[in-house]
There are 2 protein chains.
Amino acid sequence: MQLQGEARFSRRAVKVDEAIRLVLEAAAPGRQEIVPLWEAGGRYLAEPLVATADWPPFARSGLDGFAVRSADTALASPSEPVTLRVVATARAGELASAAVEPGTAVRIMTGGAVPPGADAVVMLEQTADALVDGRPAVRVKRTAEPGQNIAPRGEEFRRGSALAEPGTKLRPGHVALLGTFGCADVPVFARPRVAVLATGTELLPVEAPLVPGRIRDSNSAMVAALVQQSGGVPLLLGRVPDEPEAAARAIAAALEQSDIIITTGGVSVGDYDVMASLLGGLSAATSALSAASTTASSTAPSANAVPTPAAALPPNSRLLFNKAAMRPGSPTSAAIVGGKLLLALSGNPGACFVGFELFARPALRRLQGVAAAEAMLKLATAKLAAGFAKGSPHERFVRARLHTEGGVLYADPLAFAKSSMMASIPDADCLIRLKPGSQGAEAGAIVEIILLQ
Amino acid sequence: MQLQGEARFSRRAVKVDEAIRLVLEAAAPGRQEIVPLWEAGGRYLAEPLVATADWPPFARSGLDGFAVRSADTALASPSEPVTLRVVATARAGELASAAVEPGTAVRIMTGGAVPPGADAVVMLEQTADALVDGRPAVRVKRTAEPGQNIAPRGEEFRRGSALAEPGTKLRPGHVALLGTFGCADVPVFARPRVAVLATGTELLPVEAPLVPGRIRDSNSAMVAALVQQSGGVPLLLGRVPDEPEAAARAIAAALEQSDIIITTGGVSVGDYDVMASLLGGLSAATSALSAASTTASSTAPSANAVPTPAAALPPNSRLLFNKAAMRPGSPTSAAIVGGKLLLALSGNPGACFVGFELFARPALRRLQGVAAAEAMLKLATAKLAAGFAKGSPHERFVRARLHTEGGVLYADPLAFAKSSMMASIPDADCLIRLKPGSQGAEAGAIVEIILLQ
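Keep in mind it's a predicted model, so treat the numbers as computed, not measured.

Engineer: Just to check I follow, could you spell out the overall build of chain A for this structure?
Structural biologist: Within chain A, the secondary structure is distributed over nine helices and 28 strands. Computed over the C-alpha atoms, the radius of gyration of chain A is 32 Å, more than 25% above the 22 Å expected from 2.2 N^0.38 for a compact globule of 453 residues. Referenced to the eigenvectors of the C-alpha coordinate spread, the extents of chain A come out at roughly 110 × 50 × 50 Å. For chain A, buried positions account for 57% of its 453 residues. Relative to all contacts within chain A whose residues are 6 or more apart in sequence, the contacts with residues 24 or more apart total 71%. Counting every atom, chain A has about 16900 Å² of accessible surface; 52% of that belongs to carbon and sulfur. Across chain A, the mean location of the 43 positive side-chain charges is 3 Å away from that of the 41 negative side-chain charges.

Engineer: In this structure, what is going on with the sheet that holds strand β8 (residues 127-132) of chain A? I would like to understand it.
Structural biologist: Two strands in a sheet stick together by hydrogen bonds in their backbones, pointing the same way (parallel) or opposite ways (antiparallel). Residue and element names in this part refer to chain A. Taken in spatial order, the six strands make up an open sheet running β7-β4-β6-β5-β9-β8, and their pairing is mixed. If you trace the sheet from one side to the other, it starts and ends with β7 (120-123) and β8, each paired once. This sheet shows a mean twist of 40° between the axes of neighbouring strands, independent of strand direction. Sheet topology note: the strand β4 (residues 65-68)/strand β6 (residues 104-108) ladder contains three bridges and is antiparallel. Looking at the pairing, A67 lines up with V106 of β6.

Engineer: Quick question: what am I supposed to make of the interface of chain A and chain B here?
Structural biologist: Frequently, the measure chosen for interface size is the accessible area that the parts lose on association. In this complex, chain A contributes 103 residues to the contact, which on the side of chain B involves 104 residues. Seen at the junction of chain A and chain B, the total is 26 residue pairs in polar contact (both at pLDDT 80 or more). Those elements that place two or more of their residues in the side of chain A that touches chain B are β8, α3 (172-180), β15 (215-216), α4 (219-229), β22 (379-384), β24 (395-405) and β25 (408-413) of chain A. Residue classes in the side of chain A that touches chain B are distributed as 50 nonpolar, 28 polar and 25 charged.

Engineer: It is not clear to me how the relation of the copies chain A and chain B should be interpreted in this structure. Could you clarify?
Structural biologist: Between chain A and chain B, which share one sequence, the superposing operator has a rotation angle of 180° and an axial displacement of 0.0 Å; the RMSD is 0.0 Å. Expressed as a symmetry operation, the mapping of one chain copy onto the other fits a two-fold axis. In terms of proximity to the rotation axis, the leading residue of chain A is V408(A), whose C-alpha is 2.2 Å off the axis. Most of the interface of chain A is mirrored in chain B: 100% of its interface residues are interface residues there too.

Engineer: Just checking my understanding: could you explain the pattern of salt bridges for this structure?
Structural biologist: Note on pairing: side chains with opposite charge can pair once their charged atoms come close. Enumeration over the complete set of coordinates arrives at 26 salt bridges over all chains. Its salt-bridge partner being R401(A), residue D429(A) comes within 3.6 Å of it at the nearest N-O pair. Taken as a pair, D429(A) in the loop between β25 and β26 (430-434) and R401(A) in strand β24 lie far apart in primary sequence, 28 residues in all. By relative accessible area, R401(A) is classed as partly exposed at 40%. The partner of R31(B) in a salt bridge is D259(B), and the shortest N-O contact between them spans 3.1 Å.

Engineer: Is there a simple way to explain the sheet that holds strand β21 (residues 340-345) of chain B in this structure?
Structural biologist: All names here are of chain B. Spatially, six strands are ordered β16-β13-β17-β21-β20-β18 in an open sheet, and the strand pairing comes out mixed. Each of the sheet's edge strands pairs with one partner strand only, and the pair in question is β16 (233-240) and β18 (318-321). With direction set aside, neighbouring strand axes in the sheet form an average angle of 20°. Alignment of β18 against strand β20 (residues 333-337), held across three bridges, turns out to be antiparallel.

Engineer: Please explain the packing of aromatic side chains as it appears in this structure.
Structural biologist: All names here are of chain A. Applying the stated criterion to the full structure yields six aromatic pairs over all chains. Plain terms: the ring middles of F321 and F359 are 5.5 Å apart, the flat faces sit at 50° to each other, and that makes the pair tilted. Taken together, the residues span a long stretch of sequence, with F321 in strand β18 (residues 318-321) and F359 in helix α8 (residues 349-367) at a distance of 38 residues. Classification of F321 by relative accessible area gives buried; the value is 1%. For F359, a relative accessible area of 1% gives the class buried. The structure contains a cluster of three or more aromatic residues connected by ring pairs, namely W55, F157 and F181. A cation over an aromatic ring shows up here: R107 above the ring of F66, its NZ or CZ 5.5 Å from the ring centre.

Engineer: Just to check I follow, could you spell out the environment of T143(B) for this structure?
Structural biologist: All names here are of chain B. Along the chain, T143 turns up in the loop between β9 (135-140) and β10 (150-151). With 59 residues separating them in the primary sequence, T143 and E202 have C-alpha atoms 81 Å apart. Setting aside residues no more than four positions away along its own chain, T143 makes contact with T73, A74, A76 and Q148. A polar atom in the side chain of T143 sits 3.4 Å from the backbone oxygen of T73.

Engineer: Sorry, what's going on with helix α4 (residues 219-229) of chain B here?
Structural biologist: Each α-helix winds once per 3.6 residues, and so residues spaced three or four apart point in a common direction. With nine of its eleven residues buried, α4(B) lies for the most part within the structure. Listed as buried for α4(B) are N219(B), S220(B), A221(B), M222(B), V223(B), A224(B), A225(B), L226(B) and V227(B). Contacts from the buried residues of α4(B) go to α3 of chain A together with β13 (193-199), β16, β17 (260-264) and α8 (349-367) of chain B. Looking one or two residues past α4(B), G231(B) carries a phi angle of roughly 90°, positive in sign.

Engineer: What am I meant to see in the packing of α4(A) against helix α3 (residues 172-180) of chain B here?
Structural biologist: Packed helix pairs are characterised by how far apart their axes lie and by the angle those axes make with each other. At a minimum axis distance of 7 Å, the contact between α4(A) and α3(B) shows a crossing angle of 155°. Comparing their axes, α3(B) and α4(A) come out roughly antiparallel. Crossing handedness for the pair α4(A) and α3(B): right-handed. Residue-level inspection shows A221(A), M222(A), A225(A), L226(A) and Q229(A) of α4(A) in contact with α3(B), the latter providing P172(B), V175(B) and A176(B). Partitioned by chemical class, the residues of the contact of α4(A) with α3(B) number seven nonpolar, one polar and no charged.

Conventions adopted
Residues numbered from 1 in each chain as written. Chains lettered and ligands numbered in written order. Predicted model: local features only at pLDDT ≥ 70, side-chain atom pairs only at ≥ 80, totals over all residues. Heavy atoms only, no water. Helix = DSSP H or I, 4+ residues; strand = E, 2+ residues; numbered from the N terminus. Rg over C-alpha atoms; globule rule 2.2 N^0.38 Å. Buried < 20%, exposed > 50% of the residue type's maximum accessible area, 1.4 Å probe, protein only. Contact = heavy atoms within 4.5 Å. Areas by Shrake-Rupley, 256 points an atom, 1.4 Å probe, with all protein chains shown as cover. Lys, Arg positive; Asp, Glu negative; His and termini not counted. Charge placed at Lys NZ, Arg CZ, Asp CG, Glu CD. Pairing = 2+ DSSP bridges. Axes fitted to C-alpha atoms, helices over the stretch in contact; angles between N-to-C directions. Polar contact = N/O pair within 3.5 Å; in protein donor to acceptor, adjacent residues only side chain to side chain. Nonpolar A, V, L, I, M, F, W, Y, C, P; charged D, E, K, R; others polar. Least-squares fit on C-alpha atoms with pLDDT ≥ 70 in both. Salt bridge = Lys/Arg side-chain N within 4 Å of Asp/Glu carboxyl O. Phe/Tyr/Trp six-rings, centres within 6.5 Å; stacked < 30°, edge-to-face > 60°. Lys NZ or Arg CZ within 6 Å of the ring centre and 35° of its normal. Parallel < 35°, antiparallel > 145°, perpendicular 65-115°, else oblique. Left-handed = near helix turned anticlockwise from the far one by under 90°.

As structure tokens, this is what we get:
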């Protein structure tokens, strides 16, 4: 018998790694801007960070004490301390007024420049005040080793060395380096502007009272939070009903003001799945996707969803994929629309969340200058704390919670992990990536995981 | 012999856990405010998040297909499909116009409300179109189980159940829940205003050219980035020289505009260590600290650093500790000044970073409503990837990098980890917490770690 809507279901599933690669290919690093150093944390560097000086810039004392010539202390002991005349003081920020000649010492503070002649610093606690001929002196009761308590010039960095590449996400330690090397204005990639559009006639605004059969649009706010976490600026474009014309108009408006578009809902095989209809009207231009594109463009949507001319997407649009070999979220789709990347995520909250982590987060990294290879999924391995019985013909991404025990990293699959479910999303700090197969995985198995933020 | 400045060094070291406890005791949850849901990600909830309805709010179809009475399909098979008359359509967002009577079915979309009478949904792909007496019908070729592909009302949440407590850091999944339950305006704790003040005559502004003996203030920018990561708003108050009057004035100004003050530098035993001088003038009022306070208030600072009346800190000030049993950063100090928490971190970048993670990050969590027990260090365990030879009389916190291999979490101590060093800060994603002892730890040992952001 002829199965209903067969052409619509015969979308060809692209493997997840390949789908991510297609998305990253379509996401080129974007605009750059200059931000003050105080706001650079968390941003992505646009130019190499280079040491503009040796660091430390001069031989620095590591602690408070006395700069000495180590040879002078060779015979020092608690019972027979060596007495040295104190000829100057080197405060941090000031140079000592005198060099250290044999038989003398200079009082020095943490971070002070070690004066000429000295090759060691003796800790203040290991000295005692003294007077010699009425002039200040110090008693040293232990032998000092050459170089002791001194950070030599250039110990950490040599002038000209590259400390971070473009695309590096600036952590507080990078900000310290930028400050050290005099970079008050930091070139970074601009935050990508991310249009967020929810599709679905059933969606109510968050502030609306519930109505039978309808639900509130929670995906837009969730995606906005995910976008912010990823360094982007969410532009919330609201909800559109399941009407191709309305969706096409909203996407045209989104293209005007954003660098990337994320939609939720309408990607499945239902008669009213508006994103599936719109994207089904695109042809895929890349040879890599010719098989998939043939299928996609041979789609015969039902009467409600035929893209009319008014509902067409702009030129310079092509499909990347309209099915990914994954659970949940297999109808997740991606396209280039009007020259910009559009990710069409599932409307099921769980699948929407997984789709964002798999495709949108890498894309947002790439738009902020991260090299394509670095922008891929951040994978690690963990031990399954509990078995996961359910097999899948495709890779499965299971929300889970991590903990450690004796140095072993355990991933514990969360309950309420169906694609429609929200309950487990807040608690998940990783996704377990299960290989396709008729069975799940047993407790104790080593599995691949994707670390979440 | 009488060691120099002995009274200044005899500060009593407080154990790190106790020091954190003292800091958390002094950091009460702060102001609250309302933010729009779209900006709530990453903020800390100020009121419980409660389900305002059962979720799902009605029995929902998990996929596109037909709502049926399972009993009607008991005899269905691929060779002998059951034919049911299609009496209505239930789009998502709309209620079906008819109930499912025996022998009938309702076309239903993902998320649609299951109509009365139906107790199962058959996947569209497992059906075929048909006509019965010229009217639309559907052929079902497999037996449907009761409940199949239906999410019953209240499956995930029951109306009135508490989903998140005050002090919860809102992750994208929480934002989805808030949206689902109609919370468009979210009560959160205000971002703490954190005054950041660098002390040290040697410090140049970041934009200044280097001068012999001086360095740029990199700590202010690093602390600003750490504060932002922790949800706070940094107020950069610049640099003050090593003069108690100047520092006291800057702290007075900081108190006017901030919820918490973080200073860097000037905490050690040098003659010019301005924060040590200022805090040395405080007495500790708590009985728990009476021993430490006696020591602290018996401090005899050198002539340069005697707090003059002009340099005194405001009333309502007391010392919490002026030495912590840790490496690096043992002179790290904390006080309540003018009723507000002041953390005096080391000026050495590595020690400053560790001090922030140990004391400021928990304090900022607490100021944002996290329960004191939850605000403590986030500990885990890992296996040492390489030995760390150096012992310490106090706990040692070693910057390290994590990776996994076969489900084991390895922590690899980074080079350039001296307290004065910056090189290893950007790369560190954890701190290894080594117990005090004459030796370090061997490769393969299981160690406690603090996960960094």
